[in-house]
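Residue strings, one per chain:
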Amino acid sequence: MAYTAKTRLFIEDSLPGSGLIDLDKGQTHYLANVMRVTEGTRINLFNGRDGEWQCLVTHASRKSVSLLVEEKVRDQKTEPDVWLVFAPIKKARIDFMAQKATELGASKLIPLLTARTNTDRVKVDRLALNAIEAAEQCERLNVPEVTEPIKFKTLMEEWPSERRIMFCDEMRNAESAIHALPKGSPPPPWAIFIGPEGGFDDRERETLAAQEGCVSVSLGPRILRADTAAMAALSLWQATLGDW
Ligand code: SAM
């Protein structure tokens with residue numbers, strides 16, 4: 001059956017499971033009261049494991065929506081493995097960053113507490129909701145994991161040696177990302193590091209530069225705001241090593 005993008009919802013349940021699905025309160029509100037779906041409407045479900053499934057709305061009221069799972073419309077596929085490790089920024093912009101990083105294919109979002117991080121209050125649930133909504137809209141088959149904020153020192157002490165680092169270094173003496181990123185397919189797992197508004201401090205910079213597999217990159221001659229830098233870095237990574 002040809003894939004046609006309908007209203008898409010991310011669920012945790014297995015698919016097709018028992019074939020009958022009752023949606024939770026939030027999704028019921030979204031479908032019944034926002035999208036105003038009625039019985040007979042078809043929507044798609046995905047859970048990041050079992051592909052995408054077309055479902056028929058068998059019951060729709062303000063209080064509950066039930067679905068019958070009909071057939072698989074897309075197989076699950078492996079997405080590029082690239083983490084976004086970023087120092088938290090102000091609320092509105094961090095939501096924006098979570099949405100755009102999801103659209104640009106980040107596989108995990110890690111809020112990083114650095115020496116110059118000026119906010120450590122990160123609403124992880126809210127970031128996860130932003131990531132789910134963005135994944136539903138951009139036709140991803142999975143949703144990036146959003147972790148609790150972690151201190152720079154702790155993250156680097158536990159760093160998985162097989163994962164390479166793209167260190168976005170605003171000190172501008174690094175090579176352009178396009179040239180600096182080593183080509184090679186399939187790429188190993190990567191992580192993109194974006195500093196706080198005040199930048200990484202010298203000790204953090206030394207730790208990153210000394211990390212095996214770390215590549216320092218420049219994102220051009222201008223100082224980009226952290227959210228812009230994250231979008232530029234993810235785009236360059238996808239165009240160089242990812243699925244673009
Ligand atoms: N510390 C900087 C300054 O001089 O004000 C600004 C930091 S910038 C707003 C936030 C983060 O974005 C940086 O830590 C870096 O990771 C990334 N970034 C911004 N512009 C960049 C550039 N031209 N090249 C590489 N990374 C950049």
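What comes next concerns the included structure. These numbers were taken from a predicted model, which means no experiment stands behind them.

**Looking at the overall build of the protein chain**
Scanning the protein chain from N- to C-terminus turns up seven helices and 13 strands. Taking the principal axes of its C-alpha atoms as reference, the protein chain extends roughly 60 × 40 × 30 Å. Burial statistics for the protein chain: of 244 residues in total, 48% are counted as buried. Across the protein chain, contacts joining residues at least 24 apart in sequence account for 75% of those joining residues at least 6 apart. When the accessible area of the protein chain is evaluated, it comes to approximately 12,400 Å², of which 51% is carbon and sulfur surface. Put simply, the protein chain has 31 plus and 35 minus side-chain charges, and the middle of one group is 5 Å from the middle of the other.

**Let's talk about helix α1 (residues 25-34)**
All of the buried residues along α1 are Q27, T28, L31, A32 and N33. On its buried face, α1 is in contact with β1 (8-10), β3 (42-46) and β5 (65-74). A side-chain oxygen of the first residue of α1 lies 3.1 Å from the backbone nitrogen of G26; this N-cap is D24. At the C-terminal side of α1, R36 shows a positive phi close to 50°.

**Some thoughts on the nonpolar core**
Counting residues in each nonpolar core, the largest one holds 34 residues, and the members touching the most others are L84, M166, I192 and I194. If you list the elements that add at least two residues to this core, you get β6 (82-86), α2 (91-103), α3 (124-137), β10 (164-168), α5 (177-180), β12 (190-194), β13 (214-218) and α7 (226-240). With seven residues, the single largest contributor to this core is α7. In contact with I192, other than residues within four places in its own chain, are V82, W83, L84, V85, M166, C168, A233, L234 and W237.

Rules and cut-offs
- Residues numbered from 1 in each chain as written.
- Predicted model: local features only at pLDDT ≥ 70, side-chain atom pairs only at ≥ 80, totals over all residues.
- Heavy atoms only, no water.
- Helix = DSSP H or I, 4+ residues; strand = E, 2+ residues; numbered from the N terminus.
- Buried < 20%, exposed > 50% of the residue type's maximum accessible area, 1.4 Å probe, protein only.
- Contact = heavy atoms within 4.5 Å.
- Areas by Shrake-Rupley, 256 points an atom, 1.4 Å probe, with all protein chains shown as cover.
- Lys, Arg positive; Asp, Glu negative; His and termini not counted.
- Charge placed at Lys NZ, Arg CZ, Asp CG, Glu CD.
- Polar contact = N/O pair within 3.5 Å; in protein donor to acceptor, adjacent residues only side chain to side chain.
- Core = buried A, V, L, I, M, F, W, Y, C linked by side-chain atoms within 4.5 Å.

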